[in-house]
Structures are given as structure tokens and as C-alpha cells.
Amino acid sequence: MYEWTRIQRWRFAAIRCAGLGAIAGGVEAVSQALSLRLPLSSGEFAGLAVVTVLVMAAFGVVVGLVTGVSQLLLGGRAAPQAVSIHLGLAATALCLVYLGPAAAGLLAEDRQFAALLMVTTPLSLFFVVYFNAHYFLRRYDLGVEYRIGFLPAAFAFAGLLAIGAVGTSTFRYTGGAGALAGDPNVVIVSVPGLRRDHVRTTWGGSPAATDAVDAVANGGGVTFADAVTPTPVTRGSHATVLTGLHPLRHRVIAEEQPLQRGFRTLAEVLDREGYATGGFVATAAASGDSGLSQGFRTYDEGGLWRHVFVLGRLLPAAPVRDADVVVDGFEAWLSAHAALPLFAWIELGDVARWEHEDGVSRTGYAAEVEAVDAAYGRIRELLAEHGVADRTLVLFHGAHGQMLGEHDVLAKREGLWEELVRVPLVIEAPGQSLTTDRVEAQVRLMDIAPTALGYLGIDGFEQTEGVNLLEYATGRRSKAMWCALVGEDDGESILGMRANGVKYVRRPSDDARQLYELGSDPEELHDLSESNDTTVADAERLLAADFAALRKLAR
């Protein structure tokens, strides 16, 4: 070994980095078994574990080739020491690949000390690998032969880890055992991009046939004719539904921002109550790293191979999944959990897919809405087939709307226009004594989580900005709820409000203002901000705390 050239040392170490990568893959497979919430069979998980080990073994060679640059700087050292340093650096790099993103997440939560500890942890791994490698390489250089070489031993160890991971995944707890049999269920169906004027129960002139939603509205359900989302950002809207908080409170005001772990979700509340919890999502905005999966024992986001750490960062973003595929996942999960109290959140993304396809007509958009309606109808049929429809609260809502050319905006979500913030909301609440099937008062998506808990009789949120919507349907509440709005325009955050038929929007950077009287100007064509100082001042006063919160988040 002492006579080896630098290239020979480089090659020797790089090949053995495949063993380090395989071990990392085995550890990752164990992590998958403990944290992955895809509804996989043992065979499917075994395939995932094998691919994980092999991918990481190949990646280990790549890391070994890159860190082999150290051999150019260590030419004067003895070969065992130089190769050991090379292997130690490769092990450190592999560890940083996993811990680096986690440290970045801690930094985003202002936990600098924890992030520093996380990125310095691989240093200890460097010394472990270095000293062990140096010991064995010195013996190797002295002619000591081992019955099993490092690579076979490393792959054997990785295989044992993978086998253990498969066994662990088989016994994964999916929830439901802690609740009382016969407790009511909750199913929330969220649809990004669904406009209020494309659901007939909320807009009689809808160009889309929404038979399933209309059947609920006309058959004992409740239509909320003036529901609004506080944000047209998909991830922020979903976070609002699951936490009962405004985006300025849960801090998700852009698609790339995850919901932080400190915020308690509806799924977490019901998981602690012993409910089976399942999330079935269609868009990248609701992916597992969005933070929205908190509390879900099962979280079906598709894209199996993207759950291999390295592949997940190399493969292109997963496309929007068809509604039928999403409902297929829900059906399989429901079959296994129908006898248990359950909470399911289902995101149907067909309408959201429209904004990514150039040249699609309004007819094409209406067709996507009808596909979502059919999927919603199938969800209700599945609940009936499993005998749980009569004790299941089902909430169907748009997460936000979509621009179809109004105000010269097509297939984007810029501004806080009515087409974006008004959404359909229909609730089916078996067992409730309802006094009306239509509520005209303005309500918000923050009200969905408190409604679900109210139906179940659970006090789960210490802090919430929402109210129980069923109180409107039973006559105990009638007052409209004003709503602060937050969105984007030309890449800049904007803030507004909607209350008592008035829409006010302000751009914080240059103080540009818009004011619309929605009763007489529903298309928002006539800006009254210059001629109505009193209303502008009232809106500014109501939004003062929200402006401060937005400025803080935008730093």
C-alpha cells in the first residue's frame, strides 16, 4: 500500500465508500420504517428498502470520488493514514447530506444552537471512521487477511438493517385503537383552485355540473354562500384549515414555507384522542415536507421513490395526482379503519393542475371541476358502503379560487380578487338538528377545524381564530365574520380585508390602496379608495396588528 500512487489510493477508498453508503442506506430504511406514513404492504416496503440501500451505495461511490480530492493534498502521508482520512471525510459528507436539511429547518425556526449541534455531530463520525479504518488498513498493509472484506460486511450489515426495517413497518400503528367505538367521524375534502362560481349550489349559473355537491346541499347539507379563504396560497390555506389559525399566525404565507412543528393541527388533536388519522393529498403544496402531515398516522402523497432521500432531491417534482388515484388510497385505508373512529383529510388537485397547463379553456377548467365533483361523490358512496355515512361529518370546500382572465390575470393567483378568495363550502352533518340549509353570513376557512371538534364534542385548541359553523345552521349564531386577507402581487406580499360587503387591499411597500363596494361592484372595477377616507381609516385600524405581523414575517 505504501507504494500506491495517489490515484490508486483514491480508487481504493472510493470503492469502499460504497459500503459506507450502503450502511447509510440501511439506517435510512430504518428511519423510513419509523417515520414513513405511506400505506405500503410488506413487499412494497421491502422493495423501497432495497432500492434505498443500492442508491445510497452508488451515492457513496460518488461522494468517495469527490472527497478523494483530499488525496491530492495528502500525498506526503502514509497510505493507511491518507486513505483513512479520505474515508472519514466521505462518512462526514454522507452524514451531512441527511443532517444538513434538518439543520436548515431548525434555523428557519430560529433554533440556531440546535442547528449548530446538528451540523457538528458528523465531526464525531469522522473520528470514528478514521480510527477504525486506520487500524484495519495498518493490519491490511502488514498482510493480515480477513475472512470477510469490508464491502461484503458493510452490505450484509445494511441488509440486516433493511430486514429489521421491513419487520418494523409490518407492525406500524395506524391509529384508532384509543377512541371509543361508535364515536363520530370527520372527513374534510379540500380542493385547491375551486372557484365559488363553478359550484351550482353556491352559484346557480355555474358552467360545471356539480351533481354530487348539489345533492348534498339539497339533501340535508348546509351551503355557506359567502365563505372566504384568508389566502390564495395553497399551502397556507391548507394550514389554516388544519390549525384554525390565520396565515399571519401560523406563518405560512408562501408555497415554499412549511408549517412549523410548534403549531397544533386537527390531526394531532384527534390522534391524541385515539382516532385513526389519514391524509390523502394530490399536490406538491401538501407533500410530506410541507409540515401539513403532522398528526397523520397515514399520509398518502404518492411518489414512492421520492421517499429515498437522494432520489427525492434529484427527481422532478411530482405532478398533481388524479382524483381517482387519491380516492383509491382513501378507499384502501377506509376498508381497514371503517370500524374505528377516524379523521380523513382528502385533497383533490385536478383543478389546481389547470393553472400549470397553458392554453386550457374555461371549458377545460369546468371539466376538471366535474372530475373533482365525481370524486367527491365517490367518497360519499364509500362512506355509505362501509356503513359510517350516518355518523360522519363531511366538509367540502375550495382552498382558494382561480383566475380565468379577470383583471388580465390568467392561471395565476396574484392579488386578492373575489375570484381567488371566495370559495364554495358545503357541510353534511348527520345527527344535527339544523334550522337552515343555507347560510348567507360571511365565514372563513379558519372555522373548519373548530367545526370538526365541535361536532365531535372535543375541546382541542387552546388558541383558535375560528368558530363552530354548525352554530349558524342551528340558529345559535348569525353575525358575519370579517376576514383579513394576505396574498401576493408581482412577488410582493399584500394585505387586505373583506367585511360587510367591502373589500380593502393595501400594498405595504408603497402604501398603494384599493377599496371596493362589493354589493354594487362585484367585479371590483371601481376603486373607491380616493373618495372614501372614512372607510379606509376604519380598515386601516382593523388591520393595524396584521400589518405589523406581515412586516415581521417579510423581514
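Scroll up to find the structure.
Residues numbered from 1 in each chain as written. Predicted model: local features only at pLDDT ≥ 70, side-chain atom pairs only at ≥ 80, totals over all residues. Heavy atoms only, no water.

With that out of the way, let us pick up the packing of helix 1 (residues 6–35) against helix 4 (residues 79–108). The N-to-C vectors of helix 1 and helix 4 enclose an angle of 35°; their axes lie 9 Å apart at closest approach. Seen along the crossing, helix 1 lies across helix 4 with a hand that is right-handed. In contact with Arg-9, Trp-10, Phe-12, Ala-13, Ala-14, Arg-16, Cys-17, Leu-20, Gly-21, Ala-24, Gly-25 and Glu-28 of helix 1, helix 4 contributes Ala-79, Ala-82, Val-83, His-86, Leu-87, Ala-90, Ala-91, Leu-94 and Tyr-98. (Axes fitted to C-alpha atoms, helices over the stretch in contact; angles between N-to-C directions. Helix = DSSP H or I, 4+ residues; strand = E, 2+ residues; numbered from the N terminus. Left-handed = near helix turned anticlockwise from the far one by under 90°. Contact = heavy atoms within 4.5 Å.)

What follows concerns the nonpolar core. With 49 residues, the main nonpolar core has Ile-188, Phe-224, Leu-266, Phe-343, Trp-345, Ile-427 and Tyr-472 as its most contacted residues. Of the residues forming this core, the biggest block, six residues, is contributed by helix 16 (residues 448–456). Phe-224 has contacts with Thr-202, Leu-425, Ile-427, Val-439, Val-443, Leu-469 and Tyr-472, leaving out every residue within four places of it along the chain. (Core = buried A, V, L, I, M, F, W, Y, C linked by side-chain atoms within 4.5 Å. Buried < 20%, exposed > 50% of the residue type's maximum accessible area, 1.4 Å probe, protein only.)

Bringing the sheet that holds strand 12 (residues 502–507) into the picture now. With respect to topology, four strands assemble into an open sheet ordered 10-11-12-13, the strand pairing being antiparallel. Here the strands that pair on one side only, and so sit at the sheet edges, are strand 10 (483–489) and strand 13 (512–517). With strand direction ignored, the average angle separating the axes of adjacent strands in the sheet is 20°. As paired strands, strand 10 and strand 11 (residues 492–499) are joined by seven bridges and run antiparallel to one another. In the strand pairing of strand 11, Ala-484 is matched with Met-497. Sheet strands touched by helix 18 (residues 533–553): strand 10, strand 11, strand 12 and strand 13. Its angle to strand 11, the strand with the most contacts, is close to 135°. (Pairing = 2+ DSSP bridges.)

Tracing the chain through its elements places Thr-202 in the loop between strand 1 (185–192) and helix 7 (211–217). We classify Thr-202 as buried; its relative accessible area is 3%. Separated by 2.8 Å, the side chain of Thr-202 and the backbone oxygen of Arg-196 make a polar contact. Beyond its immediate stretch of four places on either side in the chain, Thr-202 contacts Arg-196, Thr-223, Phe-224, Pro-424 and Arg-438. (Polar contact = N/O pair within 3.5 Å; in protein donor to acceptor, adjacent residues only side chain to side chain.)

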